[in-house]
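# Remarks on the overall topology
Now for the letters of each chain:
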Amino acid sequence: MLNIKASFLWTLVAVVALACATTAAYADEATPPSVPPDPMEIAAPSLAGNYCCPRQDCLEDLTLWNFFSAGWDDAWAKRERETGTPDFALLRVQTNFMEREFRVNAFGEENINSPKIKNLTDVDDLIAWSFNRRFMISVTDAYEWIDPRTGTREGGGLPGIAGRFQLVDTESSSYSLNVKAQSANPEVGVTQTTLSYGIAGFEDLAYWFNLNRVGLYYSCLFDSYTGPAAAGTKTSDVQYDVTVAKTITAADTPLFGALTMFAETFAQTDLDGSHDGRTIVSITPGVRFNLGQLECIKMGSGNWILLGVDLPVSDYHPWDEIYRLTYIKNF
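Rules used throughout
- Residues numbered from 1 in each chain as written.
- Predicted model: local features only at pLDDT ≥ 70, side-chain atom pairs only at ≥ 80, totals over all residues.
- Heavy atoms only, no water.
- Helix = DSSP H or I, 4+ residues; strand = E, 2+ residues; numbered from the N terminus.
- Buried < 20%, exposed > 50% of the residue type's maximum accessible area, 1.4 Å probe, protein only.
- Contact = heavy atoms within 4.5 Å.
- Areas by Shrake-Rupley, 256 points an atom, 1.4 Å probe, with all protein chains shown as cover.
- Phe/Tyr/Trp six-rings, centres within 6.5 Å; stacked < 30°, edge-to-face > 60°.
- Lys NZ or Arg CZ within 6 Å of the ring centre and 35° of its normal.
- Polar contact = N/O pair within 3.5 Å; in protein donor to acceptor, adjacent residues only side chain to side chain.
- Pairing = 2+ DSSP bridges.
- Salt bridge = Lys/Arg side-chain N within 4 Å of Asp/Glu carboxyl O.
- Lys, Arg positive; Asp, Glu negative; His and termini not counted.
- Patch = residues over 30% accessible without salt bridge, like charges linked within 9 Å, V, L, I, M, F, W, Y side chains within 5 Å.

Of regular secondary structure, the protein possesses 3 helices and 14 strands. A burial count over the protein gives 48% of its 331 residues as buried. A separation of at least 24 residues holds for 60% of the contacts in the protein among residues at least 6 apart in sequence. A total of about 16000 Å² of accessible surface is found on the protein, and carbon and sulfur atoms cover 63% of it.

What follows is the structure, given as structure tokens:
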């Protein structure tokens with residue numbers, strides 16, 4: 001286990017070192033706008049308009065004011081901001097935009113704070129499809145393995161389905177409403193079905209504070225658990241996350257295209273049960289990059305790798321750490 005931990009951490013160090021080597025060539029490509037937008041552009045219908053980016057057709061701004069009249073008949077499109085700040089799907093914060101992708105997540109919880117369970121390994125995948133600029137649906141599947149402190153390993157799968165509605169999509173901001181249903185997994189002792197709903201947001205800090213290619217992400221998600229469970233088991237909690245991400249390299253950098261370093265602050269608070277009010281906080285430093293292409297090998301810019309490790313910082317530690325690896329294929 002120590003070798004695995006060391007290899008993971010050295011991988012992160014190597015990626016950061018390569019990022020530093022390519023930063024200078026990318027630093028002067030784009031500059032943030034000198035004047036931040038009026039915040040009323042997000043809310044006021046008279047100010048919400050179109051913009052044209054050199055990399056795409058003009059996209060009408062989507063706001064709450066035109067929620068029922070705009071975006072539903074538009075073909076799906078991913079906004080590329082004129083500042084060059086990308087809006088990415090990351091590890092823990094909820095995604096705020098419409099996607100068409102295949103994604104595989106793998107993580108391992110080490111030394112769980114439980115008298116019965118030692119480690120947990122999870123591999124899940126999803127296929128997301130946006131029908132237009134307002135609505136997306138995704139189908140998920142997960143399989144978990146539990147290593148008990150005594151006895152043999154147990155495993156079981158659980159399917160799920162999720163939906164997303166785009167509330168706001170402007171040059172500086174993006175917000176979505178996310179909903180999800182996850183089935184129980186009785187093979188590993190999980191007897192409750194999870195229903196979740198919440199808001200995810202993104203701000204391009206190049207507009208607000210002249211920070212070059214820096215994005216601010218945040219989300220709040222409420223979970224409701226239904227089904228048979230032991231006395232004192234929680235039936236609801238809230239998860240919230242604030243993330244800052246900085247893109248360092250150019251999108252066409254070989255092997256490390258659009259390399260983005262980020263730090264996620266994630267918290268979960270139980271709203272009832274025997275641990276009512278308990279909050280668990282962790283920080284997840286991580287990196288995201290696309291494989292790009294070498295001179296003779298073309299892997300495509302739509303292949304993304306994400307690496308990160310969750311480190312608990314609250315008084316109560318539910319585990320020692322969680323190692324995360326994600327692959328995303330956009331289409």
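Enumeration according to the criterion identifies 11 aromatic pairs in this entry. Ring centres of phenylalanine 135 and phenylalanine 165 lie 5.1 Å apart, and the angle between their planes is 40 degrees; on these two criteria the pair is classed as tilted. One end of the pair, phenylalanine 135, is in strand E5 (residues 135-148); the other, phenylalanine 165, is in strand E6 (residues 154-169), with 30 residues separating them in the sequence. One aromatic cluster in this structure is built from Phe67, Phe68 and Trp72. Just above the ring of phenylalanine 97 sits the side chain of lysine 78; from NZ or CZ to the centre is 4.3 Å. In this structure, arginine 288 packs its charged tip against the face of phenylalanine 88, placed 4.2 Å from the ring centre.

A positive phi angle is found at asparagine 210, which is not glycine, with a value near 60 degrees. Mapped onto the fold, asparagine 210 is located in the loop between helix H3 (205-209) and strand E9 (214-226). Since its relative accessible area comes to 39%, asparagine 210 is described here as partly exposed. Even without glycine at this site, arginine 213 takes up a positive phi of about 55 degrees. Mapped onto the elements of the fold, arginine 213 is located in the loop between H3 and E9.

Below, the discussion takes up the side chain of threonine 247. For threonine 247, the position within the fold is in strand E10 (residues 236-247). Within the local environment of threonine 247, its side chain forms a polar contact with the side chain of threonine 260, the two groups lying 2.9 Å apart.

Attention now moves to the pairing of strand E4 (residues 117-130). In this sheet, E4 lies alongside strand E3 (residues 101-110) in antiparallel orientation, the contact comprising 9 bridges. By the bridge assignment for E4, phenylalanine 102 is matched with isoleucine 127. Hairpin geometry of E3 and E4 is characterised by an intervening segment of 6 residues between the two adjacent antiparallel strands and by a positive phi of about 55 degrees at asparagine 111. Pairing analysis gives 13 bridges linking E4 to E5, with the strands arranged antiparallel. For isoleucine 117, the partnering residue across the bridge sits in E5 and is proline 148. Turn length for the E4-E5 hairpin, with the two strands adjacent in sequence and antiparallel, is 4 residues.

Counted by the stated rule, this structure contains 11 salt bridges. Here aspartate 310 and arginine 324 are joined by a salt bridge, their closest N and O atoms 2.8 Å apart. Of the two residues, aspartate 310 is situated in strand E13 (residues 298-312) and arginine 324 in strand E14 (residues 321-330); the sequence distance between them amounts to 14 residues. In the salt-bridge network here, residues are joined through shared partners; they are Asp61, Asp74, Arg79, Arg133, Asp169 and Glu171.

With that out of the way, let us pick up the pairing of strand E8 (residues 193-204). Examined bridge by bridge, strand E7 (residues 173-182) and E8 share 10 bridges and lie antiparallel to one another. Within E8, the residue paired with leucine 177 across the bridge is isoleucine 199. Bridge count between E8 and E9: 12 bridges; the pairing is antiparallel. Its bridge partner lying in E9, aspartate 204 is registered against glycine 215.

On to the side chain of aspartate 124. Mapped onto the fold, aspartate 124 is located in strand E4. Summary of buried charges: aspartate 124 has no salt-bridge partner, and the nearest side chain of opposite charge, arginine 103, is 6.2 Å away. Within polar-contact distance, the side chain of aspartate 124 engages the side chain of asparagine 105 at 2.7 Å.

With that settled, consider a nonpolar patch on the surface. On the surface, Leu177, Val179, Tyr197, Ile199, Phe222 and Leu271 cluster together into a nonpolar patch covering about 470 Å² of accessible area. When you line up the elements, isoleucine 199 lands in strand E8.

Turning to its location among the elements, glycine 198 is positioned in strand E8. Along the primary structure glycine 198 and glutamine 239 are separated by 41 residues, whereas in three dimensions their C-alpha atoms are 9.1 Å apart.

Turning our eyes to something else, we now look at the environment of arginine 164. Counting through the fold element by element, arginine 164 comes out in strand E6. Owing to a relative accessible area of 9%, arginine 164 belongs among the buried residues under this scheme. Note: C-alpha distance between arginine 164 and phenylalanine 135 (29 residues apart in sequence) is 5.7 Å. Residues contacting arginine 164, with those up to four places away along its chain left out, are Thr95, Phe97, Met98, Glu99, Arg134, Phe135, Met136, Ser176, Leu177 and Asn178. Among the polar contacts listed, one links the side chain of arginine 164 to the backbone oxygen of phenylalanine 97, at a separation of 2.8 Å. A distance of 2.9 Å separates polar atoms of two side chains, one belonging to arginine 164 and the other to glutamate 99.

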